[in-house]
Structures are given as structure tokens and as C-alpha cells.
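The chain contents come next:
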Amino acid sequence: MLPGKNRLALVYVLTSFLAVAESSGVGISTQYPLVVSTWPFREAVRAAWRAVDSGLSAVDSVVEGCSTCEALRCDGTVGPGGSPDENAETTIDAMIMNGVTMEVGAVGAMRYVKDGIKAAKLVMQYSKHTFLVGEQASVFAISMGLQGPTNLSSSESIEKWSNWKDNGCQPNFRRDVIPANGCGPYRARDSVGSKKVGCSQSGSVEETESRSCLVGPHNHDTISMAVVDRMGHIAAGTSTNGATFKIPGRVGDGPIAGSAAYADSEVGACGATGDGDIMMRFLPCYQVVESMRRGMKPKLAADDAISRIARKFPDFVGAVFAVNKNGVHAGACHGWTFQYSVRSTHMKDVEVFTVLPDQKPTF
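Residues numbered from 1 in each chain as written. Predicted model: local features only at pLDDT ≥ 70, side-chain atom pairs only at ≥ 80, totals over all residues. Heavy atoms only, no water.

A.B. asks: I would appreciate a short explanation of unusual backbone geometry in the present structure.
C.D. replies: Negative phi is the rule for most residues except glycine; trans is the rule for most peptide bonds. Note that the residue after glutamine 170, namely proline 171, is joined by a cis bond; omega there is -5°. Counting through the fold element by element, proline 171 comes out in the loop between helix 6 (155-166) and strand 5 (177-178). A cis geometry characterises the amide bond from isoleucine 178 onward to proline 179, with omega recorded as 0°. Here proline 179 is to be found in the loop between strand 5 and strand 6 (187-188). Phi is positive for phenylalanine 245, close to 65°, though the residue is something other than glycine. Counting through the fold element by element, phenylalanine 245 comes out in the loop between strand 8 (234-240) and strand 9 (261-264). Residue phenylalanine 245 is classed as buried on the basis of its relative accessible area, which comes to 11%. (Helix = DSSP H or I, 4+ residues; strand = E, 2+ residues; numbered from the N terminus. Buried < 20%, exposed > 50% of the residue type's maximum accessible area, 1.4 Å probe, protein only.)

What follows is the structure in C-alpha cells.
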């Protein structure tokens, strides 16, 4: 045992080190655990916090948080009972990523199974694959013990679909098709570059068409969550029922690693939400994490990822949050006001941060 004076000196040195480390943003044990999620999904964040604070892993805590959002049908865009496609069916996209092993499990356009994030974890846990889609994803999930087959529609989703049909199936995600203002069956226009009538009066989606009438927080949203556990291990996950009135078979960015979520325990994590058809082309969350790896602070990394998309698609709607391994977090958005939720050891409850386009987050 060290003599008394030496022990006091050691305590003083350690105390000073911890104080300096905390003030400079260096990761220390008191910064963990941590939960960050898109949108004010407080109950989902609380569920993830309870799990990780009790000692569960980052992966299991993400599953708990996203499962809660699925059960609550957050904003009608997560879990069953929302976002009908053109055929009135609700399908599920989900993904889980282990930032230690870099393993990923994902399901896309999954039918008849309501537990998207649990199905994604089963893919990661019980297969050598990364991504299963459609009805075969459902078969796999049910064979691994999840409940199904289940009708994922609800009275609300059917009513929404019926109103859409009565409105001539407008707006929709078709372009350069005939009929332009009807419900199909559709066929391609003979002339290339014809303008789509309906949602926008401009030309091609890639170049000029505004998609704001198709994309918004209540018809095209994702819970994307990142958790840092007590060991400093990081995981990220997503769950969504996708875009309302999507073309059947469409898979969004939610289950794509690097797009709606990404995690690397050596660096940090990212979550994204918005127009997935645009955002998946840029892998914004992979970009955020790699930017942080190269030394960018979370705010700069988030801004950079969003600006890369906005330069090519100035009318796109989307947002990201970034969190580094030291627990520093930030958000960035374009085309709408974004909110993300955080729970840490320094907070008594979930806190929601608001990010305005091109501005810093505020309470």
C-alpha cells in the first residue's frame, strides 16, 4: 500500500485528470451510458435508457428503444398500422448495427411481421447474411420465433389509403407514366423527359422536382437510434414503415447501413431521417462517421453530410444527428426543422434538441 502522502497525491492527480478530461471532451466512464434518437420519441429513448442503464449491451438497448417506438406506432411512421403502399399494405424496414464487430442485420419491405428491429437482430444473430427482404424476410423471422403472419394494416392506414384512392391516387411516386393523374394500371410514356402532372409542375425528380408534398414528419419518417453502453461500445438501429403510398416493393434508406444509421465504437455514430430515396445515394451516416474519424467535430461532420446532398438536390428534406465516442452530439437538417432526443448520465430525463436549417441545436 502506498504511504499516506503518496495516496493523497495520487488521488489529487486522478481527480485533476478526470476534471480536465471531462472539460475537454475526452471520453471517460461518467459519460456513459448515452442514448440519442431522431425526433422527440421520448418513450423510446426512456426504454433504451432503462435497458442500457441496467447493464444491457448497446445492441440490446437499441432493440428495446426501437421496439418501444414500433409498439407505440410513433408518428404513424414506425411499426405496424401506418404508411400504406399503393396496394394499402404496410411493410417494415429495419436495421441494427454493432459498432464493435461491424456486424449488421437488416430487413426490407418485410410483410406480416410487426417487430422490425427484432427481426433485424435475428438476421444478424442467426444468419451469415446482412439483409433479407420481402416475404422471405418474414418467413425467416417467424421461423426464428417472432409472431406472425400478422396483418400490419390498421383502420387508420386503410382510411388514409381510401382517401388517397378517392383523390385519384395523388400524390404518388410515379413519374413519366400514363395515366399521369389516375390510379393505374400504369405504363411508361413514349416520350422521354415528359413532365409529371400532380405533385409538381416541374420535370424530373433527380433534377428539379420538389418532393415536399411526398415527404414529411408524419408520412415519411424513421426512428434512428444510437446507444453507447457502460463499456463504451456503440450500436445504432432504425425502424420505419416507409414512405406513405410508396410503390409496392420499395425499400427506403432505413435498413441500409451507412444511410439511416451507422456506428463504429472507435469513432461514434450517426442517425438520419428524411427523404430516403435521395439520402441513400449519399450514405450520409457513413460520411458523418468517417468525417469524425478524420477529426471533424460532430456539428461540422453533420453539416458537411447534409450540405453534400443539398448541393445536388436543393429541394430535398432530411436531417442527421452525429455523436462521437466521447458523447458530444449535434444535428443538421435541410428543408425542415429537426428535433433529436438525448438521455445521458448528466440528465434527469430525456432532453429534446431543436435544429433549424443551417443553425445550431437549441433546447
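A.B. asks: Help me out: how do you make sense of the side chain of aspartate 93 in this one?
C.D. replies: Its place among the elements puts aspartate 93 in strand 2 (residues 92-98). Here aspartate 93 is buried and forms no salt bridge, its nearest opposite-charge partner arginine 250 lying at an N-O distance of 4.7 Å. When residues no more than four places from it in sequence are discounted, the contact partners of aspartate 93 are Val107, Gly108, Ala109, Thr238, Ser239, Thr240, Val251, Gly252 and Pro255. (Lys, Arg positive; Asp, Glu negative; His and termini not counted. Salt bridge = Lys/Arg side-chain N within 4 Å of Asp/Glu carboxyl O. Contact = heavy atoms within 4.5 Å.)

A.B. asks: What's the story with the packing of helix 8 (residues 284-293) against helix 9 (residues 298-312) in this structure? I'm lost.
C.D. replies: The angle between the axes and the distance between the axes are what describe a pair of packed helices. Contact geometry for helix 8 and helix 9: axes closest at 9 Å, N-to-C directions at 140°. Classified by the angle between their axes, helix 8 and helix 9 sit oblique to one another. Helix 8 and helix 9 meet at a crossing whose hand is right-handed. Along its contact with helix 8, which presents Pro284, Gln287, Val288, Ser291 and Met292, the element helix 9 presents Pro298, Ala301, Ala302, Asp304, Ala305, Arg308 and Ile309. When its residues are assigned to classes, the contact of helix 8 with helix 9 shows eight nonpolar, two polar and two charged. (Axes fitted to C-alpha atoms, helices over the stretch in contact; angles between N-to-C directions. Parallel < 35°, antiparallel > 145°, perpendicular 65-115°, else oblique. Left-handed = near helix turned anticlockwise from the far one by under 90°. Nonpolar A, V, L, I, M, F, W, Y, C, P; charged D, E, K, R; others polar.)

A.B. asks: Looking at this model, I keep getting lost on the environment of alanine 269. Mind explaining?
C.D. replies: Checked against the element boundaries, alanine 269 lands in strand 10 (residues 268-274). Residue classification places alanine 269 among the buried positions, given a relative accessible area of 0%. Separated by 56 residues in the primary sequence, alanine 269 and lysine 325 place their C-alpha atoms 7.8 Å from one another. For alanine 269, the contacting residues outside a window of four places in its chain are Ala226, Ile234, Tyr262, Ala263, Val289, Met292, Phe321, Ala322 and Val323.

A.B. asks: Just to check I follow, could you spell out the sheet that holds strand 9 for this structure?
C.D. replies: Within a sheet, adjacent strands bond to each other through the backbone by hydrogen bonds, running parallel or antiparallel. Read across the open sheet, the four strands follow the order 9-10-11-12; overall the sheet is antiparallel. Of all strands in the sheet, those with a lone pairing partner are strand 9 and strand 12 (329-334), marking the two edges. Neighbour to neighbour, the strand axes of the sheet diverge by 10° on average, direction disregarded. In this sheet, strand 11 (residues 318-324) lies alongside strand 10 in antiparallel orientation, the contact comprising seven bridges. Each residue of the ladder has a partner; that of glycine 274, found in strand 11, is glycine 318. Running at roughly 150° to strand 10, helix 8 makes contact with strand 9, strand 10 and strand 11 of the sheet. (Pairing = 2+ DSSP bridges.)

A.B. asks: When you look at the UniProt feature "binding site: substrate" (unreviewed entry) in the chain in this model, what are you seeing that I'm missing?
C.D. replies: In this numbering, the UniProt entry assigns the feature "binding site: substrate" (unreviewed entry) to Arg250, Val251, Gly252, Asp253, Thr273, Gly274, Asp275 and Gly276. Checking the named residues against the largest cavity, the ones that line it are Arg250, Gly252, Asp253, Gly274 and Gly276. Considering the arrangement of structural elements, one finds valine 251 in the loop between strand 8 and strand 9. Overall, valine 251 belongs to the partly exposed group, its relative accessible area being 24%. Relative to the assigned elements, glycine 274 resides in strand 10. For glycine 274, a relative accessible area of 4% translates into the label buried. (UniProt positions renumbered as here; feature names shortened; annotations may be inferred. 1 Å grid on protein atoms, 1.4 Å probe; cavity = no way out; pocket = protein on both sides within 12 Å on 5 of 7 lines; lining within 4 Å.)

A.B. asks: Is there a simple way to think about the pattern of salt bridges in this case?
C.D. replies: Once the charged atoms of two side chains with opposite charge are near each other, the side chains can pair. Applying the stated rule across the entire model yields 14 salt bridges. Between arginine 111 and glutamate 89 there is a salt bridge whose closest N-O contact spans 2.7 Å. Of this pair, arginine 111 sits in the loop between strand 3 (104-110) and helix 4 (116-126) while glutamate 89 sits in the loop between helix 3 (58-72) and strand 2, placing them 22 residues apart in sequence. For arginine 111, a relative accessible area of 26% translates into the label partly exposed.

A.B. asks: How should the nonpolar core be read in this particular structure?
C.D. replies: Nonpolar side chains tend to gather and get buried jointly when the protein is soluble and globular. Met225, Val320 and Phe338 are the most contacted members of the largest nonpolar core, which has 86 residues in total. Among the nonpolar cores identified, the runner-up in size contains five residues, and Cys169, Val177, Tyr186 and Phe245 belong to it. (Core = buried A, V, L, I, M, F, W, Y, C linked by side-chain atoms within 4.5 Å.)

A.B. asks: Explain helix 2 (residues 42-53) to me, please; I cannot follow it from the model alone.
C.D. replies: Between its first and last C-alpha atoms helix 2 spans 16 Å; for twelve residues at 1.5 Å apiece the expected length is 16 Å, and the two agree. Burial in helix 2 covers these residues: Ala44, Val45, Ala47, Ala48, Trp49, Ala51 and Val52. Check the buried side of helix 2 and you find it contacts strand 1 (34-38), helix 3, strand 7 (223-228) and strand 13 (338-344). At the exit of helix 2 stands glycine 55, carrying a positive phi of roughly 110°. (Expected span 1.5 Å × (residues − 1).)

A.B. asks: I would appreciate a short explanation of the sheet that holds strand 4 (residues 131-133) in the present structure.
C.D. replies: Spatially, eight strands are ordered 4-3-2-8-7-1-13-14 in an open sheet, and the strand pairing comes out mixed. Each of the sheet's edge strands pairs with one partner strand only, and the pair in question is strand 4 and strand 14 (351-355). Each neighbouring strand pair of the sheet contributes to a mean axis angle of 15°, computed without reference to strand direction. Examined bridge by bridge, strand 13 and strand 14 share five bridges and lie antiparallel to one another. The residue of strand 14 that forms the bridge with glutamine 339 is threonine 354.

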